[in-house]
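Understanding the architecture of this molecule
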Amino acid sequence: MTVPLRGGLGPARLLRLQRGRCNAIKELLRSSSMNNGTLLQSCRNYRAALCTELTKPLIVRNLPSPPLQPHEVRVGVHYCGVNFADILACRGLYQEKHCLPFTPGMEFSGTVMETGANVSTVQEGDRVIGVSSMSAMAEECVADQKMLWPIPEGVSYEEAAALPVSYGTAILALDQRARTQPGETVLVTAAAGATGLAAIDVAANVLKTKVIAAAGSDHKCNLALEKGAAHSVNYTQGSLKEEVKKLTENRGVNVVLDAVGGDIFKEALYSLAWEGRIVVVGFAGGAIPSVPANLLLLKNVSALGVYWGRYREEDFPVFSSSISSALWYCQERRIRPHLGAVFKLEEVNEAFSRVTQRKSTGKVIISVK
Ligand SMILES: NC(=O)c1ccc[n+]([C@@H]2O[C@H](COP(=O)([O-])OP(=O)(O)OC[C@H]3O[C@@H](n4cnc5c(N)ncnc54)[C@H](OP(=O)(O)O)[C@@H]3O)[C@@H](O)[C@H]2O)c1
């Protein structure tokens, strides 16, 4: 298990680091075009996906390996997770803005290649997963030593790459935010997505709750049932609220994790039982709903939010333990991440389309090796 450390990178420092990196990439692209696309061979290069213009397809380019700061580690990336946040960032719609050009990618698994002078937590050859504020869709990723967690024996690079964002979010939403108890009933929307299947896995197989999975097709509902949900509702075929009522004999559910927003959020809110908790995870459907406050009062229910990445700044021990817990559950085979698709780095735009077209199930990852 990782020993959690306090104090991540502050927002101002992160921004300075990102700016410095952007300038380096800009300079590289400039010299690359001056040399007809052939890079100067004076340093080692690595391939990376680059967003050079918002809303336009990514390109794969060679970039020079940057020197390491004393606390930094260079990781040879094996797999990198694709997240909604990467896609939003490349459209300029994510809450954290990145200056162009940048390499997307918030999570990765790989092998330590090189360590900075002050690094004491990992050494060359170690298998690790890592979190970066963007830059992981590449053959190499430089990370602060605090942002790496050792992959335990028995957990593969593929599985490990699927854990940080989706399982970290599911664990924090269910445990830290909703305080979910064994035996409670949990409704998960977008249930066959990356966060959805992770939430079902943790809720059913770790927290021992009864899960109702809600998704947009019968195929997705079946997958959620295979993962451990007790019941499923296809919300394109009728009212989610009415189906939940039937399934719970009018009692409603204790906890909701909603990643869709819009009308699905509202139906889920109406499906809460007495003293129920709804956790806002995301707005995959695009519409941000408003909460009728009278309902919170009348049913004694709570509306909560979860923003996993923000814990990195505000409460690092909680952030770190969401990742170490996921690794531990995976090693114990209590959870089994579902890999919906694996794309090559050159297929990064196809990987993004798979997610935006609502065709993906579970985690989409990019194989870099
Ligand atoms: N708060 C946090 O810390 C946190 C962490 C991770 C993710 N998120 C957010 O949670 C949401 C889901 O993330 P994810 O990684 O689980 O994504 P995902 O794997 O792509 O799943 C998203 C699911 O949302 C549903 N959906 C409904 N309307 C959609 C639309 N218009 N376009 C695309 N999908 C739509 C789809 O399921 P159906 O077809 O079954 O409806 C889809 O499978 C995103 O908004 C993401 O930003 C938040």
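As recorded by an unreviewed UniProt entry, the protein carries the name Enoyl reductase (ER) domain-containing protein and is attributed to Pelusios castaneus. If you open the UniProt record of the protein and go to Sequence similarities (unreviewed entry), you find "Belongs to the zinc-containing alcohol dehydrogenase family. Quinone oxidoreductase subfamily."

A few words on the overall build of the protein. Secondary structure assignment for the protein yields 12 helices and 15 strands. Expressed as a percentage of its 369 residues, the buried residues of the protein come to 48%. Of the contacts made within the protein by residues no fewer than 6 positions apart, 68% connect residues no fewer than 24 positions apart.

The subject of this paragraph is unusual backbone geometry. Look at the link from L100 to P101: it is a cis peptide, with omega at -10°. Here P101 is to be found in the loop between helix 2 (84–90) and strand 4 (107–115). The phi torsion at T55 lies on the positive side, around 70°, for a residue other than glycine. Mapped onto the elements of the fold, T55 is located in the loop between strand 1 (45–50) and strand 2 (59–64). Its 9 C-beta neighbours within 10 Å are what place T55 among the exposed residues. Located in the positive-phi region is R179, a residue other than glycine, with phi close to 50°.

What follows concerns the site of the ligand. In the neighbourhood of the ligand, 29 residues make up the surrounding shell, with G193, T195, G216, G282 and A284 lying closest. Elements with a contribution of two residues or more to the shell around the ligand: helix 2, helix 4 (164–177) and helix 5 (194–206). At three residues, the largest contribution of residues to the shell around the ligand is made by helix 5. Tallied by class, residues from the shell around the ligand come to 16 nonpolar, 11 polar and two charged. The residues that make up the shell around the ligand include at least three from each of domain 1 (11–162 + 338–367) and domain 2 (165–305).

A few words on the sheet that holds strand 11 (residues 253–258). Spatial ordering of the open sheet is given by 10-9-8-11-12-13, a layout of six strands whose pairing is parallel. Where the open sheet ends on each side, the last strands, each with one partner, are strand 10 (231–234) and strand 13 (302–305). In this sheet, adjacent strand axes meet at a mean angle of 20° when their direction is disregarded. Summarising the sheet, strand 8 (residues 185–188) and strand 11 pair through three bridges and their orientation is parallel. The partner of L187 across the bridge, within strand 11, is V256. Along the sheet face, helix 5 touches strand 8, strand 9 (210–215) and strand 11 and points at about 170° away from the line of strand 8. Against the sheet, helix 8 (residues 262–270) touches strand 8, strand 11 and strand 12 (272–280), its axis set at about 165° to strand 11.

Turning our attention to helix 12 (residues 348–356). Helical geometry: 3.6 residues make up each α-helical turn, so side chains three or four residues apart lie on a common side. Every buried residue of helix 12 is accounted for by V348, A351, F352 and V355. The buried residues of helix 12 all sit within an arc of 100° when viewed along its axis, so they share a single face. Residues of helix 12 that are buried make contact with strand 1, helix 2, strand 14 (339–344) and strand 15 (363–367).

Below, the discussion takes up the pairing of strand 5 (residues 127–131). Regular strands have side chains that alternate between both faces of the sheet. The buried count for strand 5 comes to four of five residues, which makes it a mostly enclosed element. Relative to strand 5, strand 4 runs antiparallel, the two sharing five bridges. Note on strand 5: the bridge partner recorded for E107 is V131. Relative to strand 7 (residues 148–150), strand 5 is paired through three bridges, and the arrangement is antiparallel. When the bridges of strand 7 are listed, I129 appears paired with W149.

So, how was this worked out
- Residues numbered from 1 in each chain as written.
- Predicted model: local features only at pLDDT ≥ 70, side-chain atom pairs only at ≥ 80, totals over all residues.
- UniProt positions renumbered as here; feature names shortened; annotations may be inferred.
- Helix = DSSP H or I, 4+ residues; strand = E, 2+ residues; numbered from the N terminus.
- Buried ≥ 20, exposed ≤ 12 C-beta atoms within 10 Å, placed from the backbone.
- Contact = placed C-beta atoms within 7 Å.
- Near = placed C-beta within 6 Å.
- Nonpolar A, V, L, I, M, F, W, Y, C, P; charged D, E, K, R; others polar.
- Domains from an automatic or database assignment.
- Pairing = 2+ DSSP bridges.
- Axes fitted to C-alpha atoms, helices over the stretch in contact; angles between N-to-C directions.
- Arc of directions from axis to C-beta.

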